Amino acid sequence: MNSEKLKKARAYEQKMAAAVPEEQRPAFHLSVPTGWMNDPNGFSFYRGDCHLFYQYNPYSVCWDAMHWGHAKTKDFIRWEYLPAALAPDEEYDAAGVFSGSAIEADGKHVLLYTGVSERESADGKKEIRQVQCLAVGDGTDYEKLPENPVIDASLLPEGSSLEDFRDPKLWEEDGIYYAVVGSRAADGSGQIAMFSSRDLRQWKFCTVLDRCENRIGRMWECPDFFPVGDPDRNTRALVISPQDVTAKWPEFHNGNNALFLIGSYEKEKHLFCRNRVQSADYGLDYYAPQTTQAPDGRRILIAWMKSWDTNIFPEGFSWNGMMTVPREVSLREEDGRILQNPVRELERYHGTPVCAEQVHIHEPASFEGICGRIADLQVEIEGRGFGTFTISVAADERWHTDIVYDEKTEVLRFDRTCSGLRRDVVCTRSMPVPKREGKIRLRILLDRYSVEIFANDGESVMTSLITTPQEADGIRFSSDGGVQADIRMYPIFF
Ligand code: FRU
């Protein structure tokens, strides 16, 4: 039975979403039907469709009273909205239905999420509690279980926080269910707790997979844990979204980050040994990635395309929130680096390419037909001693967003200073992009409000929002010393 709160949210979103003009939305990114969206949740396959839920406040463009919104897709690109799945309508989740994940089990779609409640303690202080709860459904309607909560903080090692215990990521392995959950140890520092269960209802504590020890930010949110690369090597990626990080170039920037902790895993002992840390995305607007495994074996990742610390959305919109393009994740065994590339299904939406082959770029140049705000732009450059090479997108006489490659430092810098922002927010970020066999390759996905850059076949990625008026649709190229470039632009059609 759906609660009054859920029915109200469903009626409201239906009315409001219909009023948003299609051309106001991104073309090939999932956006919230109305109100506010944050983390992706419950990214999973159920009865042949790929489902995605998300943190959702239908009633305003700001974070509040978390629900779970819901959408599904057959190809990761074209999404169909479904009615909101969960509302904060139980005592144990009255202060919010926070992030979580989903799995198909015994023909049912099972959601594991964080319920948040608030109460007043004996001394009059506000006490927050976060617990893990189950809801089971058929792909549209979900029932919260009477056994809820199924995991509470009393299972954690002594001294762990009762308040910061959230974002369970669920998977099944060798007939046993596992979940990793973000938590805080007795010293206040983040830790990833792992639990196991045979029936999804009764859980026991397994281990702490990895600990922050106050070295990488503080609280670690939104964990995910999955195998990557050659199965015989037992490599796993533990994904975390740490809060309160202090910058250390290149892997960490200030504030909330998203990181891959890559290491080896001894399955029998549940022992994870971290070898490397890699930024999941070097851009300005990216958080809380979550993955799922597609039936064909691909590991697919999606993330919230926003930063908690900046709100640069166009004024007057009734919706605020988008997801990144889903990405295929793989491991480069030689150096243990995780590669990410847009899902191959995006290519089905490619129009006829416009190319400028083997062009010499020095003075600012543009090429006929290479323009637009909804495109897949692929550029390969080659040269020596050219200083810098710049691609400006969303450009006209007034506006431009620059992607600048510095040959000497082998660093790629994104700069949205002149993209039309009216707030004094962070506008630049950079990432290392070493030349590979004397070349660099960039793939830039442009949608109405976003720029996602995949460098050197996905070895580093950078995602950022821009709010430039859509009329600014120029793409320009220039270089201090001159480079040889191969440019190919696919318009994206829907
Ligand atoms: C991360 C996060 C999660 C939490 C959710 C609440 O962005 O803070 O830890 O579950 O957002 O909306």
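Check the entry above for the structure.
Position numbers for residues start from 1 in each chain and track the written sequence from start to end. Residues qualify for local features only when their pLDDT is at least 70, as the model is predicted, and side-chain atom pairs are given and counted only at 80 or more; totals for whole chains, interfaces and linings, by contrast, use all residues. Water and hydrogen atoms were dropped before computing side-chain values, which therefore reflect all heavy atoms in the structure.

## Regarding the sheet that holds strand β8 (residues 142–144)
Part 1: A pair of strands is labelled paired if DSSP reports no fewer than 2 bridges between them. By the criteria applied, helices consist of DSSP H or I runs no shorter than four residues and strands consist of E runs no shorter than two, each listed in order from the N terminus. In space, the four strands of this open sheet follow the order β5-β6-β7-β8, with antiparallel pairing throughout. Every interior strand has two partners, whereas the edge strands, β5 (96–105) and β8, have only one. Between one strand axis and the next, the sheet turns through 30° on average, direction left out of account.
Part 2: Bridge analysis of strand β6 (residues 108–120) against strand β7 (residues 126–137) gives 12 bridges, and the strand direction is antiparallel. Along β7, the bridge assignment pairs G115 with V131. Axis lines are fitted through C-alpha atoms, for helices just across the contact stretch, and the angle between N-to-C directions can take any value from 0 to 180 degrees.

## Focus on the environment of R236
Part 1: Within the secondary structure, R236 sits in strand β14 (residues 235–242).
Part 2: A simple rule labels every residue: compare its accessible area, found with a 1.4 Å probe on the protein chains alone, to the largest value its type can have, and call it buried under 20%, exposed over 50%, or partly exposed in between. A residue is classified by how much of its surface remains accessible, and R236, at 8% relative accessible area, is buried.
Part 3: The sequence separation of R236 and F226 amounts to 10 residues, and the corresponding C-alpha distance is 5.4 Å.
Part 4: Residue contacts are counted whenever heavy atoms from the two residues lie within 4.5 Å of one another. Excluding residues within four positions of it along the chain, R236 makes contact with W171, E173, F225, F226, P227, V228, L261, I262, G263, Y265, K267 and F272.

## Some words on empty space enclosed by the protein
Part 1: A pocket, in this scheme, is an open set of points on a 1 Å grid over the protein atoms alone with protein on both sides within 12 Å along at least 5 of 7 lines, while a cavity is a set where a 1.4 Å probe fits but cannot get out; residues line either one if an atom lies within 4 Å of a point. Grid points are joined across faces, edges and corners, and a volume is the space filled by probe spheres set on the points. Counted by the stated rule, this structure contains one cavity of 30 Å³ or more.
Part 2: Estimates place the volume of the largest cavity at around 60 Å³.
Part 3: Residue lining of the largest cavity: 13 residues in total, with P40, D167, C222, P223 and Q290 positioned closest to the centre.

## Focus on the layout of surface pockets
Part 1: Considered as a void within the structure, the largest pocket measures approximately 760 Å³ in volume.
Part 2: Those elements that place two or more of their residues in the lining of the largest pocket are β1 (35–46), β5, β9 (165–173), β13 (220–227), β14, β17 (287–293) and β20 (327–332).
Part 3: By residue number, the principal contributor to the lining of the largest pocket is β9, which donates five residues.
Part 4: The residue classification treats Ala, Val, Leu, Ile, Met, Phe, Trp, Tyr, Cys and Pro as nonpolar and Asp, Glu, Lys and Arg as charged. All others, Gly included, are polar. Residue classes in the lining of the largest pocket are distributed as 14 nonpolar, nine polar and nine charged.

## Brief notes about the site of the ligand
Part 1: Taken together, 13 residues lie near the ligand, and D39, Q55, R166, D167 and E221 sit nearest.
Part 2: Side-chain polar atom of D167 to an oxygen atom of the ligand: 2.6 Å apart, as the coordinates give it.
Part 3: In the environment of the ligand, an oxygen atom lies 2.9 Å from a nitrogen or oxygen atom belonging to the side chain of W308.
Part 4: Computed by Shrake-Rupley with a 1.4 Å probe, the accessible areas treat only the displayed protein chains as cover when residues are assessed. Surface burial for the ligand is 95%, taken as the share of its 320 Å² of free accessible area covered by protein chains.
Part 5: Elements with a minimum of two residues in the shell around the ligand: β1, β5, β9 and β13.
Part 6: In terms of residue class, the shell around the ligand is made up of six nonpolar, three polar and four charged. Only a single heavy atom is needed: when it lies within 4 Å of a molecule or strand, its residue is near that molecule or strand. Between N or O atoms, a polar contact is any pair within 3.5 Å; within protein, one atom must be a potential hydrogen donor and the other a potential acceptor, and residues adjacent in sequence are included only when both atoms are from side chains.

## Concerning the state of the cysteines
Part 1: Any two cysteine sulfur atoms within 2.5 Å of one another count as a disulfide. Going through the model one piece at a time under the given rule, you end up with zero disulfides.
Part 2: Free cysteine: C50, not disulfide-bonded; nearest cysteine sulfur from C222 at 18 Å.
Part 3: In this structure C418 is a free cysteine whose sulfur lies 8.5 Å from that of C427, the closest cysteine sulfur available.
Part 4: Owing to a relative accessible area of 30%, C418 belongs among the partly exposed residues under this scheme.

## Things to note about the side chain of R327
Part 1: Note that R327 resides in strand β20.
Part 2: Its relative accessible area of 0% is what places R327 among the buried residues.
Part 3: In this structure the side chain of R327 is engaged in a polar contact, spanning 2.6 Å, whose partner is the side chain of T463.

## So, helix α1 (residues 4–18)
Part 1: What a helix is expected to span follows from its residue count: subtract one and scale by 1.5 Å. Given a rise of 1.5 Å per residue, 15 residues ought to cover 21 Å, and the 22 Å separating the end C-alpha atoms of α1 matches this to within 8%.
Part 2: L6, A9, R10, E13 and A17 are the residues of α1 that are buried. Angularly, the buried residues of α1 cover 100° about the axis, an arc narrow enough to put them on a single face. Among the exposed residues of α1, those oriented more than 90 degrees off its buried face are E4, K8, K15 and A18. The directions from the helix axis to the C-beta atoms form the arc being described.

## Brief notes about the nonpolar core
Part 1: Residues F43, F76 and W319 are the most contacted members of the largest nonpolar core, which totals 41 residues.
Part 2: Those elements that provide at least two residues to this core are β1, β2 (49–57), β4 (79–86), β18 (299–304) and β30 (460–465).
Part 3: At four residues, β2 tops the list of elements feeding residues into this core.
Part 4: The contacts of W319, once residues within four sequence positions are left out, are V20, Q24, R25, P26, S31, V32, P33, T34, G35, V61, F313 and Y449.
Part 5: Here, the term nonpolar core denotes a set of buried Ala, Val, Leu, Ile, Met, Phe, Trp, Tyr and Cys residues that are joined through side-chain atoms within 4.5 Å. One finds L412, L442, V483 and I487 within the second-largest nonpolar core, a separate group that totals 36 residues.

## Section: unusual backbone geometry
Part 1: Following N148, the chain continues into P149 via a peptide bond in cis, with omega recorded as -5°.
Part 2: For P149, the position within the fold is in the loop between β8 and β9.
Part 3: At the junction of W249 and P250, the peptide bond is cis and its omega measures out at 0° in the coordinates.
Part 4: Tracing the backbone through its elements, the reader meets P250 in the loop between β14 and β15 (259–266).
Part 5: Even without being glycine, N234 reaches a positive phi, approximately 55°.
Part 6: Examined against the element boundaries, N234 turns out to sit in the loop between β13 and β14.
Part 7: Its identity is not glycine, yet E437 carries a phi of approximately 50°, on the positive side.
Part 8: One can find E437 in the loop between β27 (428–432) and β28 (439–447).
Part 9: Taking the relative accessible area as the measure of exposure, E437 reaches 81% and is therefore exposed.

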